[in-house]
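Chain residues, written in single-letter form:
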Amino acid sequence: MEKFFNPDKKIVIPVLGINLLLILIIIGMVFVSSNRVETMYSEMAAERWENDALAYSEVSLYYENISGLTESDIFNIRNSVQTKLAEDSFIDEGSENRAWIDSYSTQTTTTIRKDSTNLDVDVYLVGGDFFKIHPIPLKGGNYLDIENQDFNQIVLDENVAWNLFGSNNIEGMKVWIGESVYTIAGVVGVSEDKADIQAYGEHDCVYIPFKAYSKEDKELKATNYQAVIPNPIKNYAKNILAEAAGIHFKTDEELKNSRTILNFDDVELVENTDRYSIISLFGKRNNHKYVDMRVNTIQYPYWENVAKYNETQMLRWLNAAMILSIIPLLSLVYLMIWLYKRRRWALKPVRFVTGKISGAIEEKKIKKYEEKEKKKEEEELELRMKNSNPQVQQGSENINP
């Protein structure tokens, strides 16, 4: 054992090098992970909306196709959230500043055409503040003007734009879907990230106001609803939206006591803002092995599939970082034991420094005491001289008138 705590220098130097390398790798993993989250603009809406005085949270609802939200349902959810925020003084009467934003969408597939060119595309029917929550980079033109009564607007992704027009500068031009004519508002980019490409699917995308379809199909349902809501305390925003939508999500305690952690319901509630924090990821480590089990038919939009992929990747990085940290932690324990065994030698520099400090303090005290004593002696000597020579004192009195 004694030999174990007296390692050869030939061993110590490589071990120190390995520890330094592992620590740098862990720091690099954390840096890459945090940068990846910041590039996911659909997950960062709360950060863009919040201010120094108030934190926000982005919360999402994902539904099965048959149990989504009609426009009437969305109206009721908005009223409920608005009422609750007003009761809790987050909304000032008469103020034009918005306290929260929301969006809703669903997905379908159709054929878009321009002249004799036909193209199969995925259509995202969107409403509310969709492009505030999903600020997909513009390549030309503008986003949809959802408040405009002209619902026959359309935004193309750049692949569709180039396949139909050979350009991104096509604002104001027309395309056809069925018998309906749509005016192009703008063109958005397509991510070249590998995960985005996989989630995007075989078809390229276009975006149309939800109302453009709902005016023909009154029972059209949104399968995704998102809101960015004030979140002064943990789960405040999540609870507000769950209550407004009439759903119950399992608390951490309920999940702990539940027979299964899988979601068998026709709706899933996700808090986007907190999902990538170290604490949140650490809590999902044991349960994430069941992530591939699908027990419902919820169809996630491509941005949520990308988010789930990144969540899985970050969990893997977290597990890898924990494994890599074993050697540095064991080395730290070894160092503490080694220092303890040589505490007299290890404490010599500390004792030397503390001794110097104590000596300087003591020297200062002695010097101050000597100065005080010297001054006291001088005062006593002056007093004795005055008492022993009264003529000097009398003479000084005679001089004064």
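Details of the structure are given in the entry above.
**What about the nonpolar core?**
Ranked by internal contacts, the top residues of the largest apolar core, which has 46 residues, are Ile 112, Ile 154, Leu 156, Tyr 225 and Ile 229. Element by element, the count of residues in this core is highest for helix α8 (residues 236-245), at six residues. Ile 146, Ala 185, Ile 298 and Tyr 300 belong to the second-largest nonpolar core, a separate cluster that totals 20 residues.

**A look at unusual backbone geometry**
For Ser 89, which is not glycine, the phi dihedral falls at a positive 65°. Relative to the helices and strands, Ser 89 resides in the loop between α3 (71-87) and β2 (101-114). A relative accessible area of 57% places Ser 89 in the exposed class. If you check the backbone angles, Asn 235 has positive phi at about 70° while not being a glycine. Positionally, Asn 235 belongs in the loop between β9 (224-230) and α8.

**Some thoughts on a positive patch on the surface**
On the surface, Lys 364, Lys 368, Lys 372 and Lys 376 cluster together to form a positively charged patch. On the secondary structure map, Lys 364 appears in helix α14 (residues 348-388). Accessibility expressed as a relative area gives 64% for Lys 364, which makes it exposed.

**Side note on α8**
A large share of α8 lies buried, amounting to seven of its ten residues. Where α8 is concerned, the buried positions are Tyr 236, Ala 237, Lys 238, Ile 240, Leu 241, Ala 242 and Ala 244. Contact partners of the buried residues in α8: β1 (56-63), α3, β9 and β10 (267-271).

**Focus on the side chain of Thr 223**
Of note, Thr 223 is situated in the loop between α7 (210-214) and β9. Residue contacts for Thr 223: discarding those within four places in its chain leaves Leu 61, Tyr 62, Tyr 63, Glu 64, Asn 65, Ser 105, Thr 106 and Gln 107.

**Digging into empty space enclosed by the protein**
Over the atoms rolls a probe the size of a water molecule, and its path tells where empty space is left. What the rule picks out here adds up to two cavities of 30 Å³ or more. If you add up the space inside the largest cavity, you get close to 60 Å³. Forming the boundary of the largest cavity are Asn 65, Ser 105, Thr 106, Gln 107, Tyr 124, Thr 223, Asn 224, Gln 299 and Pro 301. By residue number, the principal contributor to the lining of the largest cavity is β2, which donates three residues. Its residues assigned to classes, the lining of the largest cavity shows two nonpolar, seven polar and no charged.

**Overview of the packing of aromatic side chains**
Any two aromatic rings considered together are summarised by their centre-to-centre distance and by the angle between their planes. Throughout the structure, instances matching the rule amount to 13 aromatic pairs. Both rings, one in Tyr 124 and one in Tyr 207, keep their centres 5.8 Å apart while their planes meet at 25°; by these two values the pair is stacked. One end of the pair, Tyr 124, is in strand β3 (residues 117-128); the other, Tyr 207, is in strand β8 (residues 204-209), and 83 residues separate them in sequence. Considered together, Tyr 124 and Tyr 207 belong to a single accessibility category, that of buried residues. Geometrically, the ring pair formed by Phe 130 and Trp 303 is edge-to-face, given 5.5 Å between the ring centres and 65° between the ring planes. Placement of Phe 130 in helix α4 (residues 130-133) and of Trp 303 in helix α11 (residues 302-324) is noted, with a sequence separation of 173 residues between them. Ring pairing ties together the aromatic residues Tyr 124, Phe 130, Phe 131, Tyr 143, Tyr 200, Tyr 207, Tyr 302 and Trp 303, which thus form one cluster. We note Lys 308 situated over the ring of Tyr 300; from NZ or CZ to the ring centre the distance is 4.7 Å.

**Considering the side chain of Gln 313**
Position of Gln 313 among the secondary structure elements: in helix α11. A distance of 2.8 Å separates a polar atom in the side chain of Gln 313 from a polar atom in the side chain of Arg 316.

**Examining the pairing of β9**
The element β9 is extensively covered by neighbouring structure, given that seven of its seven residues are classed as buried. Note: β1 against β9, seven bridges, orientation antiparallel. Note on β9: the bridge partner recorded for Val 59 is Ala 227. Note that β2 and β9 share five bridges and pair antiparallel. Bridged to Asp 102 within β9 is Ala 227.

**Describing the pattern of salt bridges**
Taken as a whole and assessed by the stated rule, the structure comprises seven salt bridges. The closest approach of N and O atoms between Asp 129 and Lys 132, which form a salt bridge, is 3.9 Å. With a relative accessible area of 11%, Asp 129 lands in the buried category. Put simply, Lys 308 and Glu 304 hold a salt bridge, and the shortest N to O gap is 3.6 Å. With Lys 308 and Glu 304 both in helix α11 and four residues apart, the pair spans about one turn of that helix. A relative accessible area of 22% means that Lys 308 is categorised as partly exposed. Through salt bridges with shared partners, a single ionic network connects Glu 268, Glu 304 and Lys 308.

**Here's the deal with a nonpolar patch on the surface**
Among the surface-exposed residues, Leu 20, Ile 23, Leu 24 and Ile 27 lie close enough to one another that they form a single nonpolar patch of about 390 Å² accessible area. Within the fold, Leu 20 resides in helix α1 (residues 9-39).

About the cut-offs
Residues numbered from 1 in each chain as written. Predicted model: local features only at pLDDT ≥ 70, side-chain atom pairs only at ≥ 80, totals over all residues. Heavy atoms only, no water. Core = buried A, V, L, I, M, F, W, Y, C linked by side-chain atoms within 4.5 Å. Buried < 20%, exposed > 50% of the residue type's maximum accessible area, 1.4 Å probe, protein only. Helix = DSSP H or I, 4+ residues; strand = E, 2+ residues; numbered from the N terminus. Patch = residues over 30% accessible without salt bridge, like charges linked within 9 Å, V, L, I, M, F, W, Y side chains within 5 Å. Areas by Shrake-Rupley, 256 points an atom, 1.4 Å probe, with all protein chains shown as cover. Salt bridge = Lys/Arg side-chain N within 4 Å of Asp/Glu carboxyl O. Lys, Arg positive; Asp, Glu negative; His and termini not counted. Charge placed at Lys NZ, Arg CZ, Asp CG, Glu CD. Contact = heavy atoms within 4.5 Å. 1 Å grid on protein atoms, 1.4 Å probe; cavity = no way out; pocket = protein on both sides within 12 Å on 5 of 7 lines; lining within 4 Å. Points joined across faces, edges and corners; volume = space filled by probe spheres on them. Nonpolar A, V, L, I, M, F, W, Y, C, P; charged D, E, K, R; others polar. Phe/Tyr/Trp six-rings, centres within 6.5 Å; stacked < 30°, edge-to-face > 60°. Lys NZ or Arg CZ within 6 Å of the ring centre and 35° of its normal. Polar contact = N/O pair within 3.5 Å; in protein donor to acceptor, adjacent residues only side chain to side chain. Pairing = 2+ DSSP bridges.

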